[in-house]
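Here is how the chains run, residue by residue.
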Amino acid sequence: MKKRIINYLLIATFCILFSCKNEVLIPESGFEHTALKAWDFIGPFKFDTLQVDPSATFFIKNLNEFDIDEEHFSQTDLLKIPEPVNSFRVDDKFGSIDFLSYGGDSLKQLSNVYLYSTFNSEADQDVVFIVDGSFAYKIWLNGEVVIKDYWKKNTNKLGDRLVPVKIKKGSNKIFVKVSRGNNVLSWKFNLTISNFIIANQVFFDNCLSDFIMNPNFSDSLFVYVGPFLNGKVEVLKSDSIVQLTKTFENHELENQYLCLKNLEHLEDGFYTVRLISSGYTMEEKVYKGDLETLGQQMGAQIAQLNCDQKYLNEIIISFDRFNYLSTVVPDSLSRYENQYWKNNSVFYGFNLYNLLQFHNNNKHFIGCEGTFLKSYYSEKQNKDFYFLFQGIGNPEEIASKPVIIMVPYALEGDDITTSWYISSLDQIHIDAYLAKEYGFSIAWAFLRGTNYTVPDADEDIKGIISTLEKDYNIDPTKIYLDGDCVGGMRALIIASRNPDRFAGVAAHGPITYGEDRNSPINLVKHLANVPVCIVHSTEDKAVPIAQTKHYIKEANKQGVYPVLIEKKDKGKHSISKAYHRDSFEFLGKLNMNKKQ
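Everything numeric in this text was worked out from a predicted model, so none of it was measured.

J.: Which parts of the structure should I look at to understand the nonpolar core?
T.: A general feature of soluble globular proteins is that nonpolar side chains tend to end up buried together. With 60 residues, the main nonpolar core has Ile405, Ile461, Ile464 and Leu481 as its most contacted residues. The contacts of Leu481, once residues within four sequence positions are left out, are Ile405, Val407, Ala491, Ile494, Ala495, Phe502, Gly504, Val505, Ala506 and Leu587.

Right, here's the structure in full:
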């Protein structure tokens, strides 16, 4: 009897201490993002690397050895762990956890982390969990599974899944299991509690053209509707004729997927899937049929083309990229990886197909709307190099628009057809959307990938501008630069070395220091006549905002006055992928002032 009383006292003491530690409160109204920062942490657990593949570790129930049922975990189960539970507070505004920080020295032999936390709510209410995780994760809310996700490639978006949930008045309990899979570097977990207004916008930003799970389909389409509670999905042929419509309510969905079945009657070809809900309209291109067969058909058409060699080269490179994407099978069978590859295949395939159809009708290529690979000739290298360009409207409309050139933050490979933007197509989509919203055309530079040098980058940007002048008659006095992190650094360097070429430059969390004579801080004096905007997050741990403030201080000494926009989110690692909006708005205002 005495032992039982002592156990009850221990449990009561533990519960009191834990509830004091965690003071997160979800108000009944008026909140946007609320992160859970206090967690109890169980693991990571060792596994036999000779007998168990890391990808299979998620299905190991590590808590069985403590006589704990992970399907029905409770707060008092923490007392069954023989060693002290590692209770910690996450130092991150959005509750992001990087398990490398907690894994010890033997990460290659560790997997599976269990997390437990509580929060309070002022009322029974509907909210959204904005989450992402490593290779696999599962979340229980008050003992019920609210999401499980397996075989992810990595944490591509911090707001990858948006899960509507019902929380109750008073204390709510969250239990999470996260497995690392084969990639230790992506062993992370993010969870933010949000209202529907914010969550719907994040979903639109992050999945604008990335909400179809199988963009290359045969008889069924799986549509991810995120936090949308009700709405409709339309499937349209290229002539904008609606082929079918299906409405949905949340009770019809399984894990937030809407399945459109029995589509065998649709003829092979490209379609637009339109998701409409909560005042938003999202569109994604899909293809019914075999992409390799489509490639053979387009290849035969290209072989018959009779056009200028420059445009023929661009068509051939576009075909090579599509052919690579549609025929090379990823090593992993991950649904996410296959989705990214198919999404890229359909995107580049549609733009090439559309360009060839336009040529059939007009006997030229200039004036076709879409996103295409364009080329410029390097006299120094005696060869063509390529970039991506989206123009919206007829040639006269494109000629009247300013152009933003996006400078890449990552330089992968040396061949644009095989190495670039395999997993960053969602960023291209949202940047293209923002460019359209603010009245820009947009080009994405490649800068020769891993063969990048500062002088070559100068030549590349010059070549991009020259091509757009010749092909679209753009105004060379309305060219702007934008870039993130290392890309922001490169944008500042390029603008500093060629100040007469640009009407403005923006950078997000740029690296500005360095001993090299080409580092931004050593070139800033050249930007006296170029408007500069730097967007930097106070939460940026990779490139602290203090670096930008030092850069601006040094710039001011030399008569250069960059605009600093301080953000309270995580900048380029924010839960929304539309973090370029601030720079587009700044550059858009510059252009409007230029017109006046």
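Past the structure itself, the notes keep going.
J.: In this structure, what is going on with the confidence of the model for the protein chain? I would like to understand it.
T.: Caution applies to low-pLDDT parts of the model: their predicted coordinates are not meant to be read in detail. Per-residue confidence for the protein chain gives a mean pLDDT of 86; residues scoring 70 or more make up 90%. Across residues 1-20, where pLDDT falls below 50, the model places 12 contacts with residues more than four positions away in sequence or in other chains.

J.: What's the story with the pairing of strand β9 (residues 125-133) in this structure? I'm lost.
T.: Side-chain direction in a regular strand flips from residue to residue, so the side chains alternate between the two faces of the sheet. Extensive coverage of β9 is indicated by the burial of eight of its nine residues. Pairing analysis gives six bridges linking β9 to strand β14 (residues 188-194), with the strands arranged antiparallel. Along β14, the bridge assignment pairs Val131 with Leu191.

J.: Can you help me understand the sheet that holds strand β17 (residues 230-237) in this one?
T.: Strand pairs in the sheet, formed through backbone hydrogen bonds, run parallel or antiparallel to each other. The five strands are arranged β15-β21-β20-β17-β18 in an open sheet whose pairing can be described as mixed. With partners counted over all chains shown, the strands left at the sheet margins are β15 (216-217) and β18 (242-249), one partner each. Relative to strand β20 (residues 269-277), β17 is paired through six bridges, and the arrangement is antiparallel. Bridging from a neighbouring strand, Val235 pairs with Val273 of β20. Packed onto the sheet, helix α5 (residues 335-362) meets β15, β20 and β21 (280-288) and runs at close to 85° relative to β21.

J.: Would you take a moment to explain the packing of aromatic side chains for this structure?
T.: The relation between two aromatic rings is expressed through the spacing of the ring centres and the mutual angle of the planes. Under the counting rule described, the total for this entry stands at 32 aromatic pairs. Ring plane angle 45° and centroid distance 5.7 Å describe the contact between Phe99 and Trp187, whose orientation is recorded as tilted. Here Phe99 is found in the loop between β6 (97-98) and β7 (110-111), whereas its partner Trp187 is found in the loop between β13 (170-179) and β14, with 88 residues between them in sequence. When its relative accessible area of 0% is taken as the criterion, Phe99 is described as buried. Here the aromatic residues Phe45, Phe66, Phe73, Tyr114, Tyr116, Trp140 and Phe175 are joined through ring pairs into a cluster of three or more. Between the NZ or CZ atom of Arg321 and the centre of the ring of Tyr348, over which it lies, the distance is 4.4 Å. Just above the ring of Phe385 sits the side chain of Arg448; from NZ or CZ to the centre is 4.0 Å.

J.: Just to check I follow, could you spell out helix α9 (residues 454-472) for this structure?
T.: Because the α-helix completes a turn every 3.6 residues, residues three or four places apart line up on one side. Counted at 1.5 Å a residue, the expected span for α9 with its 19 residues is 27 Å, and the 27 Å between its end C-alpha atoms agrees. Judged by how many residues are buried, α9 sits mostly within the fold: 14 of 19 residues are covered.

J.: What am I meant to see in the sheet that holds strand β28 (residues 532-537) here?
T.: Read across the open sheet, the eight strands follow the order β22-β23-β25-β24-β26-β27-β28-β29; overall the sheet is mixed. Each edge of the open sheet is held by one strand with a lone partner, namely β22 (370-378) and β29 (563-567). On average, each strand axis in the sheet is inclined to that of its neighbour by 20°, with strand direction left out of account. With five bridges connecting them, strand β24 (residues 403-407) and strand β26 (residues 479-484) associate as parallel partners. Within the sheet, the bridge partner assigned to Ile404 lies in β26 and is Tyr480. Contacting β23 (383-391), β24 and β25 (441-444), helix α8 (residues 425-437) crosses the sheet at an angle of about 150° to β25. Each of β22, β23, β24, β25 and β26 touches α9; the most contacted strand, β22, lies at about 115° to it.

J.: Can you help me understand the packing of α9 against helix α10 (residues 485-497) in this one?
T.: Packed helix pairs are characterised by how far apart their axes lie and by the angle those axes make with each other. Put simply, α9 and α10 touch, their axes get as near as 10 Å, and they point 75° apart. Classified by the angle their axes make, α9 and α10 are roughly perpendicular. Together, Val454, Pro455, Ala457, Asp458 and Ile461 of α9 and Ile493, Ile494 and Arg497 of α10 make up the contact between the two elements. Of the residues in the contact of α9 with α10, the class split is six nonpolar, no polar and two charged.

What counts, and at which threshold
Residues numbered from 1 in each chain as written. Predicted model: local features only at pLDDT ≥ 70, side-chain atom pairs only at ≥ 80, totals over all residues. Heavy atoms only, no water. Core = buried A, V, L, I, M, F, W, Y, C linked by side-chain atoms within 4.5 Å. Buried < 20%, exposed > 50% of the residue type's maximum accessible area, 1.4 Å probe, protein only. Contact = heavy atoms within 4.5 Å. pLDDT = per-residue confidence, 0-100. Helix = DSSP H or I, 4+ residues; strand = E, 2+ residues; numbered from the N terminus. Pairing = 2+ DSSP bridges. Axes fitted to C-alpha atoms, helices over the stretch in contact; angles between N-to-C directions. Phe/Tyr/Trp six-rings, centres within 6.5 Å; stacked < 30°, edge-to-face > 60°. Lys NZ or Arg CZ within 6 Å of the ring centre and 35° of its normal. Expected span 1.5 Å × (residues − 1). Parallel < 35°, antiparallel > 145°, perpendicular 65-115°, else oblique. Nonpolar A, V, L, I, M, F, W, Y, C, P; charged D, E, K, R; others polar.

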